[in-house]
Amino acid sequence: MERLLIRGGNSLDGDIRISGAKNAALPIMAGTLLADGPSVIGNIPDLHDITTTMELLGRMGVRLTVDERMRVEIDPRSLTNCHAPYEMVKTMRASILVLGPLLARYGEADVSLPGGCAIGTRPVNLHVEGLRALGAEISVENGYIRARCSRLKGARLVMDLVTVTGTENLMMAAALADGTSVIENAAREPEVVDLANYLNAMGAKISGAGTDTITVEGVERMQGAHYDVLPDRIETGTFLVAAAMTRGRIRVKNTAPPLLDSLIAKLRDCGADIAIGDDWIALDMDGRRPKAVNVRTAPYPAFPTDMQAQLCALNAVADGVGMVTETVFENRFMHILEIQRMGAEVKLEGHTAISTGVEYLTGAPVMATDLRASASLVLAGLVAKGDTLVDRIYHIDRGYECIEEKLAQLGADIRRMPGELAVNHA
Ligand code: EPZ
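Residues numbered from 1 in each chain as written. Predicted model: local features only at pLDDT ≥ 70, side-chain atom pairs only at ≥ 80, totals over all residues. Heavy atoms only, no water.

Caption draft 1: Region of the structure containing the side chain of histidine 395. For histidine 395, the position within the fold is in helix α13 (residues 394-399). Of the residues examined, histidine 395 reaches a relative accessible area of 12% and is grouped as buried. Apart from the residues lying within four places of it in its own chain, the contact partners of histidine 395 are Ala368, Thr369, Asp370, Leu371 and Ser374. (Helix = DSSP H or I, 4+ residues; strand = E, 2+ residues; numbered from the N terminus. Buried < 20%, exposed > 50% of the residue type's maximum accessible area, 1.4 Å probe, protein only. Contact = heavy atoms within 4.5 Å.)

Caption draft 2: Spotlight on the pairing of strand β21 (residues 352-356). Judged by how many residues are buried, β21 sits mostly within the fold: four of five residues are covered. For strand β20 (residues 345-349) and β21, the ladder comprises five bridges, and the chain directions are antiparallel. Along β21, the bridge assignment pairs valine 346 with serine 355. Hairpin geometry of β20 and β21 is characterised by an intervening segment of two residues between the two adjacent antiparallel strands and by a positive phi of about 65° at glycine 350. (Pairing = 2+ DSSP bridges.)

Caption draft 3: Up close: unusual backbone geometry. Cis geometry marks the peptide bond from tyrosine 300 to proline 301; its omega dihedral reads 10°. Relative to the elements of secondary structure, proline 301 occurs in the loop between β18 (295-296) and α10 (308-316). A positive phi angle, near 60°, is found at asparagine 185, a position not held by glycine. Residue position: asparagine 185 is located in the loop between β11 (180-184) and α7 (190-201). According to the relative accessible area criterion, asparagine 185 is partly exposed, its value standing at 29%. For arginine 247, which is not glycine, the phi torsion reads 60° and is therefore positive. Structurally, arginine 247 can be placed in the loop between α8 (233-245) and β15 (249-253).

Caption draft 4: Fine view of the site of the ligand. Residues in close proximity to the ligand total 21 residues, the closest being Leu126, Thr163, Thr165, Asp306 and Val328. Arginine 122 is positioned with one of its side-chain polar atoms (N or O) 3.0 Å from an oxygen atom of the ligand. Starting from 830 Å² of accessible surface for the ligand in isolation, the protein chains cover 88%. Looking at which element gives the most residues to the shell around the ligand, the answer is helix α5 (residues 125-133), with three residues. (Near = heavy atom within 4 Å. Polar contact = N/O pair within 3.5 Å; in protein donor to acceptor, adjacent residues only side chain to side chain. Areas by Shrake-Rupley, 256 points an atom, 1.4 Å probe, with all protein chains shown as cover.)

Caption draft 5: Main features of empty space enclosed by the protein. If you walk through the whole model with that rule in mind, you get four cavities of 30 Å³ or more. Roughly 60 Å³ of internal volume is contained in the largest cavity. Every residue lining the largest cavity is listed: Arg233, Ile234, Leu259, Leu260, Ser262, Leu263, Tyr300, Pro301, Ala302, Pro304 and Met307. Elements with a contribution of two residues or more to the lining of the largest cavity: α8 and α9 (261-269). Broken down by class, the residue content of the lining of the largest cavity amounts to nine nonpolar, one polar and one charged. (1 Å grid on protein atoms, 1.4 Å probe; cavity = no way out; pocket = protein on both sides within 12 Å on 5 of 7 lines; lining within 4 Å. Points joined across faces, edges and corners; volume = space filled by probe spheres on them. Nonpolar A, V, L, I, M, F, W, Y, C, P; charged D, E, K, R; others polar.)

Caption draft 6: Region of interest: the pairing of strand β2 (residues 13-17). Burial along β2 is one-sided: Gly14 and Ile16 are buried, while Asp13, Asp15 and Arg17, pointing the other way, are not. Pairing between β2 and β15: five bridges, direction parallel. Within β15, the residue paired with glycine 14 across the bridge is isoleucine 250.

Caption draft 7: Summary view of the environment of isoleucine 276. With respect to the helices and strands, isoleucine 276 occurs in strand β16 (residues 273-276). It is 38 Å that separates the C-alpha atoms of isoleucine 276 and glutamate 55, two residues lying 221 residues apart in sequence. Excluding residues that lie within four positions of it along the chain, isoleucine 276 makes contacts with Pro257, Ile264 and Arg268.

Caption draft 8: Local environment of the pattern of salt bridges. According to the stated counting rule, one finds 28 salt bridges in the structure shown. Across the pair lysine 22 and aspartate 49 runs a salt bridge whose closest N-O atoms are separated by 3.9 Å. Highlighted residues: lysine 22 in helix α1 (residues 22-31) and aspartate 49 in helix α2 (residues 48-59), separated in sequence by 27 residues. Here aspartate 49 falls in the buried class, since its relative accessible area comes to 2%. (Salt bridge = Lys/Arg side-chain N within 4 Å of Asp/Glu carboxyl O.)

Caption draft 9: Broad picture of the packing of aromatic side chains. For the coordinates displayed, the defined rule picks out one aromatic pair. When the ring of tyrosine 198 is compared with that of tyrosine 227, the centres are 5.8 Å apart and the planes differ by 55°; the resulting orientation is tilted. Separated by 29 residues along the polypeptide, tyrosine 198 in helix α7 and tyrosine 227 in strand β14 (residues 226-228) bring together distant segments of the chain. Over the face of the ring belonging to tyrosine 106 we find arginine 105, whose NZ or CZ atom lies 4.9 Å from the ring centre. Sitting above the plane of the tryptophan 280 ring, arginine 251 keeps its charged end 4.2 Å from the centroid. (Phe/Tyr/Trp six-rings, centres within 6.5 Å; stacked < 30°, edge-to-face > 60°. Lys NZ or Arg CZ within 6 Å of the ring centre and 35° of its normal.)

By themselves, these are just geometric observations and shouldn't be taken as functional.
This is the structure we're talking about:
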């Protein structure tokens, strides 16, 4: 398996361009299944999860063409089956997002249960219950969700928990239902809004996206549309934190500053000077060591769980004591064990990581466990004395486009190493 070798100590300094948001591109690509014709989706990031989604749609018979600028034309008219097999879903949980569109447009879907992952059990019960409330007949057997319906019927759906992909799946299913649906306690994430904007461009009638109450007036049919995915706020935040940790400066371009209010407030608390433009954010530490901050993750617009690991890495080298509390996932602190091995003085008390910052970490071989944890290990390597070798970086490639190129462009000493040769132990 490939690894990333990082020689710490360089302050980041420079400009980078932010890619399209993975967590908007995935539901939007699933949403193309609702249309009677082709859609063209732009600003799609070149990530492993995107490739997996294209492969999944391709196996359904959907025709996809990609141009050199990663604009993808997706034509569902050639669809031959409504099946999302286990071997695909197990590599990417977001495959569950085809369930709602397939049911709404074709009246059937056989989608493997995603199973758990490193950060938690991550059930999909709310997706299933919501689709049943819309009239689908669903059995869960042999590890598959088998769903059938004639035509979904509008209903009022009250979500027990705020679920991002649950909200997205149900919004897509309701778009072609007979009658009006209301989703209460809906997720407010910007990626939900981006999906709603795309669906409305296809002829859906959705209002309230971005609030906790989304109203969907079902329509008879939807046509393909051209749509560009919004910038990735988590990639943006990851690079801002990297610059803050290395006491450097950065300008992140082609991003959406209003989506990062909670993070920008925390970075200002760290002592960062931050300037904001229409589509850029500039951070400058002026050589200062960041101050430790306290963070509590929660659904948008509160501090995002997908930035939790990165803030733990920052607190590890910040001045003072910082506490990071995770309220969304039950097991999202694997990175703590790894940065402890790099010399971080951090301990877990329940769902809170309490750290007393040290001036510098020490480089070590570490192992990535999930997408954002692996990003935090790369950030820790940037401020460690010596070499850090991050293993299992396929986790990173799922969510960050060319992370080592972008960091090297900013002055980091980082390069991708070929996987260890498989040594046959006699
Ligand atoms: C989305 O996952 C994101 N993925 C995650 O990003 C992100 O961390 C998460 O939302 C929270 O913001 C995509 O958008 C593809 P949830 P999702 O349903 O939708 C529980 C990344 O790093 N729950 O909002 O799967 C669940 O266990 C990834 O890019 C149920 O109990 O998350 C969790 O505790 C990681 N039953 C909480 O709700 C359900 O039916 C929130 O999960 C659904 C969810």
